[in-house]
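One-letter residues, chain by chain:
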Amino acid sequence: MHDDNLESDNPNNKVNISALPFSQACENNKQPILEVLQTELQGCNHVLEIGSGTGQHSVYFAPNLPEIQWQTSDVTGNHRHIIAWHNAYPAPNLYSPLAFDLSTDAVPVNSQLNLPYDAMFTANTLHIISWALVERLFTLAGDALPTDGKLIVYGPFNEDGKYTSEGNQRFDAMLRAGNPDSGIRHKEEVVSLASEHHLQLVTTYAMPANNQLLVFQKR
């Protein structure tokens, strides 16, 4: 991947860090998520990040998980933002984004690495995409992951048919006002969907700001 204005291979080229796309949520949650990943990804070699967004998570996780090849992915419209962060904070185990549109694409593969994914990670995606795309994500993950492979999902979830906080209720209303297909998902429905694709919920981590991190394992 290459962008004429972002040339990290040129040591004389300086990236304007203040001009990078920025997500405050990523900044706030990157350390708590990393602490879980350092435990849950032990023994893994190749991780696919689904929906890398701005790229902030990838440049923080990769150098702190040096034994893992961290492969980013997203719709092509977000690639230049991800590449900007990669150029500002390169790491030898961090890979440029692959094109991945859940509505049309199969799980993308880095032909240079030629490694299967033993885990997939996605943050703050399930409440943004439609339920039909949530279903497709779990279908693709269930098909692509090997036995004992993990799908790790971060974000807000409802439990027992209820919001877990007033803040999540307001957030859900804002999401649905912008796009009726978006919205905080019911955890029980997500777990049921996962089980249809041989993905069993093995651990739930409570995270800051009324979020959760769900770890599914292929059985």
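Structure: see above.
What you see is a predicted model, and the numbers here were worked out from it, not measured in a lab.

### Some thoughts on the overall build of the protein chain
Per the secondary structure count, the protein chain includes 6 helices and 9 strands. For the protein chain, whose C-alpha radius of gyration is 17 Å, the value lies close to the compact-globule estimate of 17 Å for 219 residues. Sequence separation of 24 or more characterises 72% of the internal contacts of the protein chain that already satisfy a separation of 6 or more. Entry remark: accessible area of the protein chain is about 10600 Å², with carbon and sulfur atoms responsible for 49%. Charge separation in the protein chain, taken as the distance between the mean sites of 12 positive and 24 negative side-chain charges, equals 4 Å.

### Thoughts on the packing of aromatic side chains
Under the criterion given, the structure shown has 6 aromatic pairs. With a centroid separation of 5.6 Å and 65 degrees between ring planes, the pair formed by phenylalanine 61 and tryptophan 70 is classed as edge-to-face. With respect to burial, phenylalanine 61 and tryptophan 70 carry one shared label: buried. Put simply, the rings of Tyr60, Phe61, Trp70 and Phe121 pair up and form one aromatic cluster. In this structure, lysine 30 packs its charged tip against the face of tyrosine 60, placed 4.5 Å from the ring centre.

### A word on the pattern of salt bridges
Pairing between side chains of opposite charge can happen when their charged atoms approach one another. Within the structure shown, the criterion is met by 5 salt bridges. Residues glutamate 27 and lysine 30 are paired through a salt bridge, measuring 3.2 Å at the closest nitrogen-oxygen approach. Remark: lysine 30 and glutamate 27 occur in helix α1 (residues 24-40); sequence separation between them is 3 residues, near one turn of the helix. Among the salt bridges present, the one from arginine 219 reaches aspartate 148, with a minimum N-O distance of 3.7 Å.

### A few points about the pairing of strand β2 (residues 69-74)
The buried count for β2 comes to 6 of 6 residues, which makes it a mostly enclosed element. Side-chain alternation along β2 places Gln69, Gln71 and Ser73 on one buried face and Trp70, Thr72 and Asp74 on a second face that is also buried. Across 3 bridges, the pairing between strand β1 (residues 46-49) and β2 is parallel. Bridge pairing in β2 places valine 47 opposite tryptophan 70. A crossover connection joins β1 to the parallel β2 through helix α2 (residues 56-64); in handedness this β-α-β unit is right-handed. Across 4 bridges, β2 lies against strand β3 (residues 94-99) in parallel orientation. Bridge assignment links serine 73 to a residue of β3, and that residue is leucine 98.

### Considering unusual backbone geometry
Of note, the phi angle at asparagine 124 is positive, near 55 degrees, even though the residue is not glycine. Despite not being glycine, alanine 209 has its phi angle at roughly 60 degrees, a positive value. Assignment of secondary structure puts alanine 209 in the loop between β8 (199-207) and β9 (211-218).

### Some remarks on the sheet that holds β3
Judged by pairing direction, the sheet is mixed, and its 7 strands sit side by side in the order β3-β2-β1-β4-β5-β9-β8 without closing on themselves. The open sheet is flanked by β3 and β8, the only strands paired with a single partner. Between one strand and the next, the sheet's axes are offset by a mean angle of 20 degrees, whatever the strand orientation.

### Quick notes on the nonpolar core
Leu37, Leu41, Trp70 and Phe121 are the most contacted members of the largest nonpolar core, which totals 27 residues. Listed by contribution, the elements that provide at least two residues to this core are α1, α2, α3 (79-88), β4 (119-123), β5 (150-155) and β9. Here this core gets 4 residues from one element, more than from any other, and that element is α1. Once residues within four sequence positions are removed from consideration, tryptophan 70 is found in contact with Leu37, Leu41, Val47, Glu49, Ser58, Phe61, Ala62, Leu65, Asn93, Leu94, Tyr95 and Phe121.

### Topic: the environment of tryptophan 70
Take tryptophan 70: it is sitting in strand β2. In the structure, tryptophan 70 is positioned 27 residues away from proline 97 in sequence and 9.9 Å away in space, judged by C-alpha atoms.

### Some details on the packing of α1 against α2
Running from N to C, α1 and α2 cross one another at 35 degrees; their axes reach a closest spacing of 10 Å. The crossing of α1 and α2 is right-handed. Here Cys26, Glu27, Asn29, Lys30, Gln31, Ile33, Leu34, Leu37 and Gln38 of α1 come into contact with α2, specifically with Gln56, His57, Tyr60, Phe61 and Asn64. For the contact of α1 with α2, the per-class residue count stands at 6 nonpolar, 6 polar and 2 charged.

About the criteria used
Residues numbered from 1 in each chain as written. Predicted model: local features only at pLDDT ≥ 70, side-chain atom pairs only at ≥ 80, totals over all residues. Heavy atoms only, no water. Helix = DSSP H or I, 4+ residues; strand = E, 2+ residues; numbered from the N terminus. Rg over C-alpha atoms; globule rule 2.2 N^0.38 Å. Contact = heavy atoms within 4.5 Å. Areas by Shrake-Rupley, 256 points an atom, 1.4 Å probe, with all protein chains shown as cover. Lys, Arg positive; Asp, Glu negative; His and termini not counted. Charge placed at Lys NZ, Arg CZ, Asp CG, Glu CD. Phe/Tyr/Trp six-rings, centres within 6.5 Å; stacked < 30°, edge-to-face > 60°. Buried < 20%, exposed > 50% of the residue type's maximum accessible area, 1.4 Å probe, protein only. Lys NZ or Arg CZ within 6 Å of the ring centre and 35° of its normal. Salt bridge = Lys/Arg side-chain N within 4 Å of Asp/Glu carboxyl O. Pairing = 2+ DSSP bridges. Right-handed = clockwise from strand over helix to strand, strands pointing away. Axes fitted to C-alpha atoms, helices over the stretch in contact; angles between N-to-C directions. Core = buried A, V, L, I, M, F, W, Y, C linked by side-chain atoms within 4.5 Å. Left-handed = near helix turned anticlockwise from the far one by under 90°. Nonpolar A, V, L, I, M, F, W, Y, C, P; charged D, E, K, R; others polar.

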